[in-house]
Amino acid sequence: MLKPLGDRVVVKVIEEKEKTVGGFVIAGASQEKTKTAEVVAVGDGVRTLNGELVAPSVQVGQTILMDSFSGTDVKYDEQDYMIIRESDILAIVE
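Residues numbered from 1 in each chain as written. Predicted model: local features only at pLDDT ≥ 70, side-chain atom pairs only at ≥ 80, totals over all residues. Heavy atoms only, no water.

As annotated in an unreviewed UniProt entry, the protein chain carries the name Co-chaperonin GroES and is attributed to Streptococcus zalophi.

As structure tokens, this is what we get:
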């Protein structure tokens, strides 16, 4: 499995399709501003200027909202993932 370094997080983007009243499927890229994703792996955190380790605020298995233009796409074991910084996470979905 991928192990992110520092404050990085590995996520699997959840594809969402939106249908209109007539039943047509709207392409997601044309209208989305945020993406929903599941956290797959979390780095150890970031170090402060004093050298203290600050643990990440997300955990594996949580669903998050993230900016649609952030991160790096990665393919591992025939699966598509994204590696993002923790600061690119907008919210945790509960």
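Now, onward.
Asks: Could you give me a rundown of the sheet that holds strand E9 (residues 79-85), with the residues and numbers involved?
Replies: Judged by pairing direction, the sheet is antiparallel, and its six strands sit side by side in the order E8-E9-E1-E4-E7-E10 without closing on themselves. Looking at which strands have only one partner, the edges of the open sheet turn out to be strand E8 (72-76) and strand E10 (89-93). Strand-to-strand twist across the sheet, computed as the mean angle between neighbouring axes with direction ignored, equals 45°. Relative to strand E4 (residues 34-42), strand E1 (residues 8-13) runs antiparallel, the two sharing five bridges. (Pairing = 2+ DSSP bridges. Helix = DSSP H or I, 4+ residues; strand = E, 2+ residues; numbered from the N terminus. Axes fitted to C-alpha atoms, helices over the stretch in contact; angles between N-to-C directions.)

Asks: I'd like a description of the pattern of salt bridges, backed by residues and values.
Replies: Applying the stated criterion across every chain, the model contains three salt bridges. Measuring nitrogen to oxygen at the nearest pair gives 3.5 Å for the salt bridge that ties Asp44 to Lys3. Residue Asp44 is found in the loop between E4 and strand E5 (46-47), and its partner Lys3 is found in the segment before E1; the two are separated by 41 residues along the sequence. For the pair Asp44 and Lys3, a shared accessibility class is recorded, and that class is exposed. A salt bridge links Lys75 to Asp80, with the nearest nitrogen and oxygen atoms 3.8 Å apart. Each member of the pair, Lys75 as well as Asp80, is classed as exposed. (Salt bridge = Lys/Arg side-chain N within 4 Å of Asp/Glu carboxyl O. Buried < 20%, exposed > 50% of the residue type's maximum accessible area, 1.4 Å probe, protein only.)

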